[in-house]
Amino acid sequence: MMELRIIKIMKKLLLIIFLLNCLFGFSQKFKTNNSHIRFFSDAPMEDIEAINESATSIVDVTSKAIVIVVPIKSFDFKKELMQEHFNENYLESDDFPNATFKGKLIDWNGEEGTAQVSAKGTMEIHGVSKEMTITGDLDYSSNVLKVSTVFNIKLEDHKIKIPKAVFYKIAEEVEVTANFEYAPYEKN
Amino acid sequence: MHPMKRISSILLTILSLSVVGQDQELLELLSSSDPNDKGYASATFKSTRVINGHSIETRSNGTLEFIIGHRFGRINSGYDEFYGLDFSTIRLGLEYGITDNLNIGIGRASFDKVVDAFVKYRFLRQSKKSPVTITGFTSITRKTVDIPGLDGIDRNAYAAQLLIARKFNSSFSFQLSPTIIQRNLVETPQDDNLLLALGLGARYKLSNRIAIVTEYYPVLSNKSAQFEDSFALGIDIETGGHVFQLHFTNAVQMNERGFIGETTDSFWDGDIHYGFNITRVFDLRPNKS
């Protein structure tokens, strides 16, 4: 009969965890009001650079979850033709309109102030996911959250093909610099 | 299975589900579309030409395009003419983007030594607000070849086109090109000086870099029996900075007056010419660094 009692307790526990989970839904979230993403690639003929200010991100400071969505078509290149090739031939943005990162800030204690943090999660670009840990700087006060990071992305990790016949060589790795500024987010 | 194990596995599942659920919830919060995105259609055609005729595409501000067009002889002309390759006509052209929408260009063709100049303006872009892109095109051509009796203003022709295209999806684009051409001198009294034509063009992308294109320019005004409507079928190959257009067509000229109004070979009788356009773009704006 001991077992039955334990099962009863466990059932209650299940219910409590379930309710707690629901409560987590009301945890404090921060949403970007400013974002700046730049990618840069060294190429022998010409450097390739683009800037995107349309990315959005949400950080849940209670659960430490972070989500970033980057609309690919909003990358702005200096050369329009390069932008066209980027969308049409490399990122295929009609089929894969967004790049996303879903992860957790794994070594952040949630306290106010500046900290070096890592986010571990899944980066999806060009429809291909890759587990990644990104390190960056975080600056947190009660109503402002700032995150900045620099990391590299390998094109082959996301099956972005570089044809052999192109006349300018493209680097296999691009450097991404991202800055996000968040404000408290209220559910509507 | 032991009930304890079962319950702990259920617990684990719920826990992991809740983590996934939160990410999903966060993603949904972000799923509202980018308000800055106007949804402009880009690359309706790969080149500023469908094949012989202009496409709605314009080169962006500060971009210079060098375009080389070649048309060989008839492939049914036999071995003596090396299946057409012994004969060729060429047009060399330079086009420049004054703004993203306004382009100007000049060219010279070996056939009848025609020089041409044009202005092209894209005044509507396909976007969330507009189902089509519309570009206006107008050109002047002048035959500079020495023909007895052909003098002065008789050498000139003026063309105007409204290019209307829609990119239906990432693969398929279609263009309508109503055209009027004023020829100051025509070959026979049966030919109207004012030529009317309705061009049709389409592209279907086979892969990121390769597309099939076709173009047909039926003439609607009166024309003498020697003239045929121009038809062309080809493939576009894009390699980043270059576009190669390889095609078969019954036209040997590469300006509107020539290929729409003066084509004499019949595609359907096998009078087909192999041809190609090669473009190279240069960015003339200084690097900001």
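A brief structural summary. All values reported here derive from a predicted model rather than from experimental measurement.

1. Looking at the overall build of chain B
The helix and strand inventory of chain B stands at 2 helices and 12 strands. Here chain B holds 289 residues, and the buried ones make up 49% of them. In chain B, the share of contacts with a sequence separation of at least 24, taken over all contacts with a separation of at least 6, comes to 56%. Approximately 13600 Å² of chain B is accessible, and the part contributed by carbon and sulfur atoms is 63%.

2. Quick notes on helix α2 (residues 80–90) of chain A
All names here are of chain A. Most of α2 is tucked away: 10 of the 11 residues are buried. Listed in full, the buried residues belonging to α2 are L81, M82, Q83, E84, H85, F86, N87, E88, N89 and Y90. Following α2 by one or two positions, E92 adopts a phi angle in the positive range, close to 45°.

3. Some points on the nonpolar core
In terms of nonpolar packing, the biggest core is built from 42 residues, with F39(A) and F75(A) touching the most fellow members. Here the element with the most residues in this core is strand β10 (residues 173–185) of chain A; it accounts for 5 residues. When neighbours within four sequence positions are excluded, F39(A) is seen to be in contact with I48(A), E49(A), A50(A), F75(A), F77(A), F86(A), V174(A), E175(A) and V176(A). With 10 residues, the next largest nonpolar core counts L195(B), Y217(B), F259(B) and I260(B) among its residues.

4. Topic: the packing of aromatic side chains
Pairs of aromatic rings are described using the distance from one ring centre to the other and the angle between the two planes. All names here are of chain B. Taken as a whole and judged by the stated rule, the model has 23 aromatic pairs over all chains. A centroid spacing of 6.4 Å and a plane angle of 25° characterise the contact between Y121 and F123, whose relative ring orientation is stacked. Taking the centre distance of 5.0 Å and the plane angle of 45° together, the rings of F231 and W268 count as tilted. One end of the pair, F231, is in strand β10 (residues 230–238); the other, W268, is in the loop between α2 (256–261) and β12 (273–283), and 37 residues separate them in sequence.

Basis of the calculations
Residue numbers restart at each chain and count upward from 1, following the sequence in its written direction. Here chains are named by letter from A upward and ligands by number from 1 upward, in the order in which they appear as written. With pLDDT at 70 or above as the cut-off, local features in this predicted model cover only qualifying residues; side-chain atom pairs require 80 or more to be listed or tallied, and sums for whole chains, interfaces and linings still use all residues. For the side-chain quantities, the full set of heavy atoms in the structure was used; hydrogens and water were omitted. For the purposes of this entry, the term helix denotes a DSSP run of H or I that reaches at least four residues, the term strand denotes a run of E that reaches at least two, and both are numbered from the N terminus. Remark: exposure states derive from per-residue accessible area (1.4 Å probe, protein chains only) relative to the maximum for the residue type, with buried under 20%, exposed over 50%, and partly exposed in between. Any two residues having at least one pair of non-hydrogen atoms within 4.5 Å are treated as being in contact. All accessibility values rest on the Shrake-Rupley procedure with a 1.4 Å probe; residue burial counts only the protein chains present in the view. In plain words, nonpolar cores are sets of buried Ala, Val, Leu, Ile, Met, Phe, Trp, Tyr and Cys residues tied together by side-chain atoms within 4.5 Å. Think of it this way: a Phe, Tyr or Trp ring, Trp meaning its six-membered ring, pairs with another when their centres are within 6.5 Å, and the plane angle makes it stacked under 30 degrees, edge-to-face over 60, tilted otherwise.

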